[in-house]
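Breakdown of the fold
So the chains spell out like this:
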Amino acid sequence: MSPPALMPVEAALERLLRLAEAAPIEDSERVALEAADGRVLAEPLVAGLDLPPWPNSAMDGYALRLADWTGEPLAVSQRIFAGQAPGPLQPGTCARIFTGAPLPEGADCVEMQENAEVLADGRVRFTEALRPRRNIREQGHEVRRGETVLAVGTRLGPIELGLAASLGAAELPLRRRPRVALLSTGDELIEPGRPLGPGQIYNSNRTLLKAWLERAGCVVTDAGILPDDLELTRARLGELDAVDLILSTGGVSVGEADFLGQVLREAGELALWKLAIKPGKPLTVGHFRGVPVIGLPGNPAATLVTFALLVRPYLLRRLGVAEVEPLAFAVPAGFAWNKPGERRQYLRARLDQGRAMPHPDQSSAVLRSAAWAEGLVEVREGATLAEGDPVRFIPLSEMLG
Ligand SMILES: Nc1nc2c(c(=O)[nH]1)N[C@H]1C(S)=C(S)[C@@H](COP(=O)(O)OP(=O)(O)OC[C@H]3O[C@@H](n4cnc5c(N)ncnc54)[C@H](O)[C@@H]3O)O[C@H]1N2
Ligand code: MOO
């Protein structure tokens, strides 16, 4: 009998996103703008004013009414700086005006000072033809009052926060942060700072995931290293009832001391997925007393790839984010690929003169090549590649936030 087919990446993502939509995190809180970076909007941001709020000058120069201009020089009747409220333009004159200053009532054109000559008597001659509305930033040009500027579910970054600030928002209604409990499994693991005993390795997944989850806006509970004991595993999981997700690493393949799996089976449900991803084949998805559980493979590069491609989008979708997949683009392969694989490979790679160059060490156990990499290059299952063929490149920077 042939082994069951591996689950394609798209199918795994699709299933996880459906699970995320079935368990949305909907609570919201009002948060000061300065503390809102990386968070998700719980309500649309609706403009309470026009932007700009009034017509203003795009240039340092002179504001005038075109009908007043016959080709003769005009006297300057006022000077208007940004931040001032000008009076109406006196007929038959122009106003000295600076960038960002409000246009005086009655003016319908601004000419930049480079096209103006100030005569000895102070009057100004315009040297080029003038056009109506030239160099005027119109009221409401960017945003009209009442318009939705950012949709619910928008992930806020510096640019969105700047936009909210330009509309005068001091606080925003945000989804609360997801609470994630992080578990490591493996008797070989100890935490950095302690001496390494025989057979032991330092726990790197915990540090990697904690930092990454926090960047993604989560509150992380460190649930430590799961003991190799059924009773203790049961007790430890039982303590994690106030979280939105239990995320574990290790112990998901075919190991014998799979206490996590056993406890999940008796007090929840558990599915063992075999994904067509390399690195990252085994993934556990289930529930423990109603709390979603995702178990990532323990190999550090497998943890990284499955978190980036599956868990991060899952968490964002639980917050109602629509676009959860990282931006990716096609680049020419700087390498050949002769052996078609049954799993889709995500190679740790850099761009060299626009071509994707994989690191020579693609071992699932290795993090160093990921620290070197700028992104992941996708080699699809069953594919061979010649140098120059297009491959998808996903920048790590797209996924690390
Ligand atoms: N007979 C089979 N063996 C394995 C299979 C398989 O299908 N049949 N799959 C391989 C693949 S692919 C992967 S990926 C791993 C997945 O292993 P587990 O998730 O069960 O993880 P462990 O066995 O606990 O650990 C794997 C590896 O990673 C190291 N590790 C684990 N946790 C951490 C951590 N927190 N920090 C640093 N390193 C960690 C661990 O020491 C092991 O070296 O299974 C393959 N085997
Ligand atoms: O999925 Mo595993 O990461 O290939 O070693």
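Residues numbered from 1 in each chain as written. Chains lettered and ligands numbered in written order. Predicted model: local features only at pLDDT ≥ 70, side-chain atom pairs only at ≥ 80, totals over all residues.

**Points about the overall build of the chain**
Looking only at helices and strands, one finds 8 helices and 26 strands in the chain. By residue count, 37% of the 401 residues in the chain fall in the buried class. Contacts in the chain between residues far apart in sequence, at least 24 positions, make up 68% of those at least 6 positions apart. (Helix = DSSP H or I, 4+ residues; strand = E, 2+ residues; numbered from the N terminus. Buried ≥ 20, exposed ≤ 12 C-beta atoms within 10 Å, placed from the backbone. Contact = placed C-beta atoms within 7 Å.)

**Thoughts on unusual backbone geometry**
For the bond running from Leu-51 to Pro-52, omega is -15°, close enough to zero to count as cis. Secondary-structure assignment places Pro-52 in the loop between strand E2 (45–46) and strand E3 (56–57). Residue Pro-279 follows Lys-278 across a cis peptide bond; omega there is -5°. Residue position: Pro-279 is located in the loop between strand E19 (277–278) and strand E20 (282–288).

**Here we look at the site of ligand 2**
If you check the shell around ligand 2, you find Lys-278, Pro-279, Gly-280, Lys-281, Pro-297, Asn-299, Ala-302 and Ser-364 and nothing else. By residue class, the composition of the shell around ligand 2 is 3 nonpolar, 3 polar and 2 charged. (Near = placed C-beta within 6 Å. Nonpolar A, V, L, I, M, F, W, Y, C, P; charged D, E, K, R; others polar.)

**Focus: helix H6 (residues 300–318)**
Taking 1.5 Å per residue as the helical rise, H6 with its 19 residues ought to reach 27 Å, and the 25 Å between its terminal C-alpha atoms agrees with that figure. Taken as a whole, H6 carries its principal kink of about 45° at Phe-307. In the stretch just after H6, Gly-320 is the one whose phi turns positive, near 90°. (Expected span 1.5 Å × (residues − 1). Bend = angle between axes of the 7 residues up to and from the residue.)

**Re the sheet that holds strand E6 (residues 93–97)**
Judged by pairing direction, the sheet is mixed, and its 4 strands sit side by side in the order E5-E6-E4-E7 without closing on themselves. Every interior strand has two partners, whereas the edge strands, strand E5 (75–80) and strand E7 (109–112), have only one. Going from strand to strand, the sheet's axes swing by 30° on average, the running direction of each strand aside. Relative to E6, E5 runs parallel, the two being bridged by 5 bridges. Residue pairing for E6: Val-76 is matched across the bridge by Cys-94. (Pairing = 2+ DSSP bridges. Axes fitted to C-alpha atoms, helices over the stretch in contact; angles between N-to-C directions.)

**Examining the packing of helix H1 (residues 9–22) against H6**
Between H1 and H6, whose axes approach to 8 Å, the crossing angle comes to 25°. Between H1 and H6, the crossing angle belongs to the class labelled roughly parallel. Relative to H6, the crossing made by H1 is right-handed. Residues Val-9, Ala-12, Leu-13, Leu-16, Leu-17, Ala-20 and Glu-21 of H1 form the contact with H6, whose own contacting residues are Leu-309, Leu-310, Pro-313, Tyr-314, Arg-317 and Arg-318. In terms of residue class, the contact of H1 with H6 is built from 10 nonpolar, no polar and 3 charged. (Parallel < 35°, antiparallel > 145°, perpendicular 65-115°, else oblique. Left-handed = near helix turned anticlockwise from the far one by under 90°.)

**Considerations on the sheet that holds strand E17 (residues 245–249)**
Taken in spatial order, the 6 strands make up an open sheet running E16-E13-E17-E21-E20-E18, and their pairing is mixed. The open sheet is flanked by strand E16 (219–226) and strand E18 (268–274), the only strands paired with a single partner. The average undirected angle you get between the axes of adjacent strands in this sheet is 20°. Two strands pair when backbone bridges link them, and E20 and strand E21 (residues 291–296) are joined in this way by 5 bridges, in the antiparallel orientation.

**Observations regarding the nonpolar core**
Residues Val-180, Ile-246 and Val-305 are the most contacted members of the largest nonpolar core, which totals 73 residues. Here this core gets 12 residues from one element, more than from any other, and that element is H6. Apart from the residues lying within four places of it in its own chain, the contact partners of Val-305 are Ile-277, Pro-279, Gly-280, Tyr-346 and Leu-376. Counting 17 residues, the second-largest nonpolar core is a separate cluster that includes Met-59, Tyr-62, Leu-89 and Leu-103. (Core = buried A, V, L, I, M, F, W, Y, C linked by C-beta atoms within 7 Å.)

**Points about the environment of Tyr-314**
Looking at where Tyr-314 falls in the secondary structure, it is placed in helix H6. In this structure Tyr-314 comes out as buried when scored by C-beta crowding, with 24 C-beta atoms within 10 Å. Taking the C-alpha atoms as reference points, Tyr-314 and Leu-230, separated by 84 residues in sequence, lie 29 Å from one another. Excluding residues that lie within four positions of it along the chain, Tyr-314 makes contacts with Leu-16, Leu-17 and Ala-20.

**Some words on the domain arrangement of the chain**
You can read the domains of the chain as domain 1 (9–27 + 176–318), domain 2 (32–48 + 145–175), domain 3 (56–137) and domain 4 (329–399). In this structure, domain 1 and domain 2 have C-alpha centres spaced 31 Å apart. Taken together, the contact pairs 5 residues of domain 1 with 4 residues of domain 2. Counted by class, the side of domain 1 that touches domain 2 contains 2 nonpolar, 1 polar and 2 charged residues. (Domains from an automatic or database assignment.)

**Observations concerning the environment of Ala-169**
Mapped onto the secondary structure, Ala-169 falls in the loop between helix H2 (158–166) and strand E12 (171–175). Accessibility expressed as a C-beta count within 10 Å gives 19 for Ala-169, which makes it partly exposed. Ala-169 sits 122 residues away from Ala-47 along the chain, and the two C-alpha atoms are 9.2 Å apart. Residues contacting Ala-169, with those up to four places away along its chain left out, are Leu-33, Leu-45 and Ala-164.

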